[in-house]
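Each chain, written out:
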Amino acid sequence: MAVPPQPAPATLIGSVQRAMRLLETVAAHPYGAPAKQLARATGLALPTTYHLLRTLVHEGYLRRDKGLFFLGDAAERLSSSGAQEKRRGRVADALAQWRDSIGAPTYYAMYRDGEVEVLCVADSRESPAAEEWADFRETGHAHAIGQCLLSQLDEDARREYLARYPVQPLTPYTVRDGDALLRRLARVRRMEPVTERQEYALGTVCAAVPITVGTTAATVAISLPAHQADRLLPAAQRLQAEIGRHLGSLALSISI
């Protein structure tokens, strides 16, 4: 009995394979990467890399900023709701781990569409979160989360935020006016933790570690009771070291 011929293997489209390889490589570089570095990492010829990058930027899967390439909006939209939940879970798990190892509630926030947004909090009975007695979105001038996010913006973006949410005194320790805040933010060194002591709430001190991925400003923060203020900076430095070890795996999760 004759054996029917087997269908030929499906033809693989090389250009699609190369484009996907580029997307995966860009995703592995949360701070962006230039075309030459991407070409070396993927083993592609530089002209081919430039051609694919231009196409991916045009279609919105990548974006280019100051010569570096980052994942674009279209790549983010590929994520299913299940994948988004997985990313949220990854951030929540990391916050819970840091809460337990540092002994302080942890917060994840980002600056999105002109707003300070606290997206995830990990606390416990032993380490309760600070009470949001004044809207975090409107009081970025007072708490470490807001100050850390604003410090990652340019001055025009900072002034635009302060025009919508002017500085107001929340405690005797709150910064007095917008100009004083802008001077303070200008002195913050890149990737330096930002601390505040009872500026948002009496009895609470906070520190926030900046996370800048491409043009996205994000932060992970901790809070402590004021009587533990001497723990604040060492705890923030420990948190920053932990974030550094996990940033690669968390980079795609900051756009929750």
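Quantities reported herein were computed from a predicted structural model and do not represent experimental measurements.

### A few points about the packing of helix α6 (residues 144–151) against helix α8 (residues 178–187)
- For the pair α6 and α8, interaxial distance at closest approach is 9 Å and the crossing angle is 65°. By the angle between their axes, α6 is roughly perpendicular relative to α8. Between α6 and α8 the crossing geometry is right-handed. Between α6 and α8, the residues in contact are Gln147, Leu150 and Ser151 and Leu181, Arg184 and Leu185, respectively.
- Grouping the constituent residues of the contact of α6 with α8 by class yields 3 nonpolar, 2 polar and 1 charged.

### Some words on α8
- When α8 is considered as a whole, its buried residues turn out to be Leu181, Leu182 and Leu185. Buried residues of α8, viewed axially, fall in a sector of 100°; they line one side. α8 presents Ala186 and Arg187 as exposed residues on the side facing more than 90 degrees away from its buried surface.
- In this fold, the buried residues of α8 make contact with α6 and α7 (155–164).
- Near the N-terminus of α8, the side chain that reaches the backbone nitrogen of Asp179, with its oxygen 3.1 Å away, is that of Asp177.

### A closer look at unusual backbone geometry
- In this structure, Met191 takes a positive phi of about 65° despite not being glycine.
- When you line up the elements, Met191 lands in the loop between α8 and β5 (194–197).
- Note on Met191: relative accessible area 24%, which makes it partly exposed.
- The backbone phi angle of Gln198 is positive, close to 60°, even though this residue is not glycine.

### Some details on the confidence of the model for the chain
- In the predicted model, the chain carries a mean pLDDT of 87, and 86% of its residues have values of at least 70.
- For residues 5–11, every residue scores under 50 in pLDDT, and the model assigns this stretch 0 contacts once sequence neighbours within four places are set aside.

### Comments concerning the packing of aromatic side chains
- For the coordinates displayed, the defined rule picks out 4 aromatic pairs.
- Considering the side-chain rings of Tyr111 and Tyr161, the 6.2 Å spacing of their centres and the 65° angle between planes classify their relative orientation as edge-to-face. Highlighted residues: Tyr111 in strand β3 (residues 106–112) and Tyr161 in helix α7, separated in sequence by 50 residues.
- Of the residues examined, Tyr111 reaches a relative accessible area of 14% and is grouped as buried.
- Relative to Tyr200, the ring of Trp133 has its centre 6.1 Å away and its plane inclined at 45°; by these criteria the two rings are tilted. In this pair, Trp133 is assigned in the loop between β4 (115–122) and α6 and Tyr200 in the loop between β5 and β6 (204–213), connecting sequence segments 67 residues apart.
- According to the relative accessible area criterion, Tyr200 is buried, its value standing at 4%.
- An aromatic cluster is defined as three or more aromatic residues linked by ring pairs; in this entry it consists of Tyr111, Tyr161 and Tyr165.

### Some details on the nonpolar core
- Ranked by internal contacts, the top residues of the largest apolar core, which has 24 residues, are Leu95, Trp98, Tyr108, Val220, Ile222, Leu239 and Ile243.
- When contributions to this core are tallied by element, the ones reaching two or more residues are α5 (81–102), β3, β4, β6, β7 (216–225) and α9 (232–250).
- Apart from residues no more than four positions distant in its own chain, Leu239 is found in contact with Trp98, Ile102, Val209, Val220, Ala221 and Ile222.
- Of all hydrophobic cores here, the second largest spans 23 residues; its members include Tyr107, Val167, Leu181 and Leu182.

### Concerning the pairing of strand β1 (residues 62–65)
- Two strands pair when backbone bridges link them, and β1 and strand β2 (residues 68–71) are joined in this way by 4 bridges, in the antiparallel orientation. Bridge pairing in β2 links Leu62 to Leu71.
- If you look at the hairpin formed by β1 and β2, you'll find 2 residues sitting between the two strands, and Lys66 has a positive phi there, around 55°.

### Thoughts on helix α2 (residues 35–42)
- Three or more residues of α2 are buried, namely Ala35, Leu38, Ala39 and Thr42. Each buried residue of α2 lies within a common arc of 100° when the element is viewed along its axis, so the set occupies one face. Turned more than 90 degrees off the buried face of α2, the exposed positions are Lys36, Arg40 and Ala41.
- Summarising the contacts, the buried residues of α2 are in contact with α1 (14–27), α3 (46–58) and β2.

Scoring rules and cut-offs
Per chain, the residues get numbers from 1 upward, laid out in the order the sequence is written. Only residues with pLDDT of at least 70 get local features here, since the model is predicted, and only at 80 or more are side-chain atom pairs given and counted; chain-wide, interface and lining totals rely on the full set of residues. Water and hydrogen atoms play no part in the side-chain values, which are based on all heavy atoms of the structure. Convention adopted: a line fitted to C-alpha atoms gives each axis, helices being fitted over their contacting stretch, and angles between N-to-C directions are expressed from 0 to 180 degrees. Numbering of helices and strands runs from the N terminus; a helix is a DSSP stretch of H or I covering at least four residues, while a strand is a stretch of E covering at least two. Orientation categories follow fixed angle ranges, with anything under 35 degrees roughly parallel, anything over 145 roughly antiparallel, 65 to 115 roughly perpendicular, and all other angles oblique. Handedness of a crossing is defined here by the sense of rotation of the near helix relative to the far one, left-handed for an anticlockwise turn of less than a right angle and right-handed for a clockwise turn. Residues are treated as being in contact if the distance between any of their heavy atoms lies within 4.5 Å. Here the nonpolar group is Ala, Val, Leu, Ile, Met, Phe, Trp, Tyr, Cys and Pro; Asp, Glu, Lys and Arg are the charged ones; every other residue, Gly included, is treated as polar. Buried, partly exposed and exposed residues are distinguished by accessible area as a fraction of the type maximum, computed with a 1.4 Å probe on protein chains only: under 20%, between the cut-offs, and over 50%, respectively. The directions considered for the arc run from the helix axis to the C-beta atoms. Any pair of nitrogen or oxygen atoms within 3.5 Å is treated as a polar contact; in protein, a donor-acceptor pairing is required on top of that, and neighbouring residues in sequence qualify only through side-chain atoms on both sides. Confidence of the prediction at every residue is given by pLDDT, a number between 0 and 100. When the centres of two rings from Phe, Tyr and Trp lie within 6.5 Å, Trp using its six-membered ring, the rings pair. Their planes under 30 degrees apart give stacked, over 60 give edge-to-face, and anything left gives tilted. Take the buried Ala, Val, Leu, Ile, Met, Phe, Trp, Tyr and Cys residues and link them wherever side-chain atoms come within 4.5 Å; each set so joined is a nonpolar core. Pairing between strands is defined by DSSP: at least two bridges between them are needed.

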